[in-house]
Amino acid sequence: MGAVDGMKRVLMAVPTPPPYAGPEVGMELVLRHWRSERLALMHVRTTLRESNAEKGRFDWKGIAKFVRVWREYITALWRWRPHLVFLLLSSSWVGIVRDIVLIVTARLWGARVVAQYRGGNFAGFFALQPPLRRSVIRWGLRQLQGVFVQSDGLRQQFEGLVPAEQIRVLVNGVQLEGLPRRRRVVAEAPPYRLLFVGHIAFAKGVRELLRAYRQLRDAVPVELWLIGTRIADPEVAASFLPPEWQQYYRKHSAEIEAEIDHYLKQQEQYGIRISGVLPASAVRQAMVEADVFVLPSYSEGFSMALLEAMAAGLPVVVTAVGALTELVTDGIHGRVVPPGDTAALASALLQSLQEPGWLRLAGARNRQRVATDFAIENVVQRWEEELYWVLERS
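Here the residue numbering is sequential within each chain, running from 1 through the sequence in written order. Note on the predicted model: pLDDT of at least 70 is required for a residue's local features to be given, and 80 or more for side-chain atom pairs to be given and counted; whole-chain, interface and lining totals, by contrast, use all residues. The side-chain figures draw on all heavy atoms in the structure; neither hydrogens nor water molecules are used.

Q: In this structure, what is going on with the overall build of the chain? I would like to understand it.
A: Secondary structure follows DSSP: runs of H or I at least 4 residues long count as helices, runs of E at least 2 residues long count as strands, and numbering of each begins at the N terminus. For the chain, the helix and strand inventory stands at 15 helices and 12 strands. Here the radius of gyration uses the C-alpha set of atoms, whereas the globule reference equals 2.2 Å times the residue count to the power 0.38. Since a compact globule built from 394 residues should have a radius of gyration of about 21 Å, the 21 Å found for the chain is in line with a globular shape. Projected onto its principal axes, the C-alpha positions of the chain cover 65 × 45 × 35 Å. Out of the 394 residues in the chain, the part that is buried amounts to 53%. Look at the contacts in the chain between residues 6 or more apart in sequence, and 73% of them connect residues 24 or more apart. Each accessible area value is a Shrake-Rupley result obtained with a 1.4 Å probe; residue values ignore everything except the protein chains displayed when judging cover. When the accessible area of the chain is evaluated, it comes to approximately 16700 Å², of which 51% is carbon and sulfur surface. A 1.4 Å probe rolled over the protein chains alone gives each residue an accessible area, and that area as a share of the maximum for its type sets the label: buried under 20%, exposed over 50%, partly exposed in between. Residue contacts are counted whenever heavy atoms from the two residues lie within 4.5 Å of one another.

Printed below as a string of structure tokens:
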């Protein structure tokens, strides 16, 4: 992905796997599928942690890794002289300070800078900061030439922090080529299979999912597949939550984590299969073998796991947070429930499993929706247009 004479140069200073989470996987897809005659991409890998469970920590290991990344970043700025630098924004104080260091470094080198926020909680994070920190964040964001969010509904996170015309949308994409088609017919071989992919943490609604699943077991034959990293550290787990849920979690974190661990330690008794982090091919195989994908998060941006599940032809049950309601129309692509509502989640799952014809139809609609709107080749073209727009207007 070297620069070509006559092309504008874009430095993508972004994380890539491992670890395997939405930002890393999404950015790797964009880099791998980039094709442009106008913009040449160069990449500096900014991954600081090799495990999702270590994210959000402030320690010497993280500081040392950032210093190494910063040196590579400066070298790239010096060698490639990019016209534009693309970064990802964090929603933790330590993370945003690192981001501002990268932003200021690039601006001192004469490059324009844009950043994407791949989440749904920046406004909540900003509101919880003391006045001095809010001033620093405001100043840092003013150094940007644009901020990208992942859906129209997520623009409001930066209202008042960034000029409205500089808040733009860049969505995720999915590689459809090689994606196996879902072959399983619902209930052809009970038990039903519920699939969750993501951090196994309170913020992802795992406690409510486990409670709802226990209720379902009294009504229908069902099993639960969990794929992801267990995150139980209260400080790390709390950082994923919106402000309205952080106080509740901090007050009850010990009992919440103990309840989650109880189910996980008794996985055989409860019919739970925990797979940890799996290669992308194994995750996709699990998706085509499941009946319903479940993502009952308290906070979410534009979930890569949800998009991949829909692409695999899975019907979905999600909460009304972030961009999820822009992806999932209740009753059409799946079911949408309020976050934190175990009864509503259990009811939506039971209703879905009792309507196999509707499940098949919803799964077919989901696959078509992703193929039409989120194929990675088309999404990358939109990214090119948006980045070129920034260069042309600056």
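Q: Looking at this model, I keep getting lost on the pairing of strand β1 (residues 8–14). Mind explaining?
A: Two faces, one strand: in a regular strand the side chains alternate between the faces of the sheet. A large share of β1 lies buried, amounting to five of its seven residues. Here is how to tell: hold the view so the strands point away, follow the path from the first strand over the helix to the second, and if it runs clockwise the crossover is right-handed. Following the backbone out of β1, through helix α1 (residues 22–33) and into the adjacent parallel strand β2 (residues 39–45), one traces a crossover that is right-handed. Two elements, β1 and strand β3 (residues 84–88), share four bridges in a ladder whose sense is parallel. The partner of M12 across the bridge, within β3, is F86. We call two strands paired when DSSP finds no fewer than two bridges between them.

Q: Is there a simple way to explain the pairing of strand β4 (residues 112–116) in this structure?
A: Among the five residues of β4, four are classified as buried, and the element is accordingly described as predominantly covered. Tracing the backbone out of β3, into helix α3 (residues 93–108) and back to the parallel element β4 gives a crossover that is right-handed. One ladder, built from three bridges, connects β4 with strand β5 (residues 146–149); its direction is parallel. Bridge pairing in β5 links V114 to G146.

Q: What is the right way to read helix α2 (residues 60–80) from this model?
A: An α-helix turns once every 3.6 residues. As a result, residues three or four positions apart point the same way. Helix span is expected to be 1.5 Å times the residue number reduced by one. Under the 1.5 Å per step criterion, the end-to-end length of α2 is 30 Å for 21 residues, consistent within 8% with the ideal 30 Å. Every buried residue of α2 is listed here: G62, K65, F66, V69, Y73, A76 and L77. One side of α2 carries all its buried residues, which in axial view fall inside an arc of 115°. Among the exposed residues of α2, those oriented more than 90 degrees off its buried face are W60, R71, W78 and R79. The arc in question is the one traced by the directions running from the helix axis out to the C-beta atoms.

Q: Teacher, can you tell me more about the packing of α2 against α3 here?
A: If you want to describe how two helices pack, look at the angle between their axes and the distance between the axes. Closest axis-to-axis distance for the α2/α3 pair is 11 Å, and the angle between their directions is 20°. The angle between α2 and α3 falls in the class roughly parallel. The crossing of α2 and α3 is right-handed. Seen from α2, the contacting residues are F66, W70, Y73, I74 and L77; seen from α3, they are R98, V101, L102, T105 and A106. Amino acids are sorted into nonpolar (Ala, Val, Leu, Ile, Met, Phe, Trp, Tyr, Cys and Pro), charged (Asp, Glu, Lys and Arg) and polar (every other residue, Gly among them). Its residues placed into classes, the contact of α2 with α3 shows eight nonpolar, one polar and one charged. With axes taken as lines fitted to C-alpha atoms, and helix axes fitted only over the stretch in contact, angles between N-to-C directions fall between 0 and 180 degrees. Angle categories: roughly parallel below 35 degrees, roughly antiparallel above 145, roughly perpendicular from 65 to 115, and oblique for all the rest. The hand of a helix crossing depends on one turn: near helix anticlockwise from the far one by less than a right angle means left-handed, and clockwise means right-handed.

Q: I keep staring at the packing of helix α6 (residues 206–217) against helix α8 (residues 243–265) and nothing clicks. Help me out?
A: Direction vectors running N to C along α6 and α8 enclose 45°, while the axes themselves pass 10 Å from each other. What the angle tells us is that α6 and α8 run oblique. In this structure, the crossing between α6 and α8 has a hand that is left-handed. Of the residues in α8, those in contact with V206, R207, L210, R211 and R214 of α6 are Y248, I256, E259, I260 and Y263. Of the residues in the contact of α6 with α8, the class split is six nonpolar, no polar and four charged.

Q: Please explain the pattern of salt bridges as it appears in this structure.
A: It is possible for side chains of opposite charge to pair when their charged atoms get near one another. The salt bridge criterion pairs a side-chain nitrogen of Lys or Arg with a carboxyl oxygen of Asp or Glu, the two atoms within 4 Å. Applying the stated criterion to the full structure yields 13 salt bridges. A salt bridge links R168 to E386, with the nearest nitrogen and oxygen atoms 2.8 Å apart. Within this pair, whereas R168 is found in strand β6 (residues 167–169), its partner E386 is found in helix α15 (residues 376–393), the two being separated by 218 residues in sequence. Judged by its relative accessible area of 22%, R168 falls in the partly exposed class. Given a relative accessible area of 15%, E386 falls into the buried group.

Q: I would appreciate a short explanation of the layout of surface pockets in the present structure.
A: Gaps left between atoms are located by rolling a probe of water-molecule size over the structure's atoms. Put plainly, a pocket is an open set of points on a 1 Å grid over the protein atoms alone with protein on both sides within 12 Å along at least five of seven lines, a cavity is a set where a 1.4 Å probe fits but cannot get out, and a lining residue has an atom within 4 Å of a point. Grid points are joined across faces, edges and corners, and a volume is the space filled by probe spheres set on the points. Taken as a whole, the second largest pocket spans an internal volume of roughly 240 Å³. Contributing to the lining of the second largest pocket are 18 residues, with G120, N121, L154, Q156 and Q157 lying nearest its centre. Mapped by element, the contributors of at least two residues to the lining of the second largest pocket are α4 (122–127) and α8. Examining the composition of the lining of the second largest pocket, we find that three residues originate from one element, α4, more than from any other.

Q: What am I meant to see in the sheet that holds strand β7 (residues 192–197) here?
A: One key point about sheets: their strands pair by backbone hydrogen bonds, in either a parallel or an antiparallel sense. Spatially, six strands are ordered β9-β8-β7-β10-β11-β12 in an open sheet, and the strand pairing comes out parallel. Looking at the sheet topology across the chains shown, the edges are occupied by β9 (272–274) and β12 (334–337). The sheet shows a mean angle of 20° between the axes of neighbouring strands, taken without regard to direction. Sheet analysis places β7 next to strand β10 (residues 292–295), joined by two bridges and oriented parallel. The residue of β10 that forms the bridge with L195 is F293. Packed onto the sheet, helix α10 (residues 280–288) meets β7, β8 (222–227) and β10 and runs at close to 145° relative to β7. Packed onto the sheet, helix α11 (residues 304–311) meets β7, β10 and β11 (316–319) and runs at close to 165° relative to β10.

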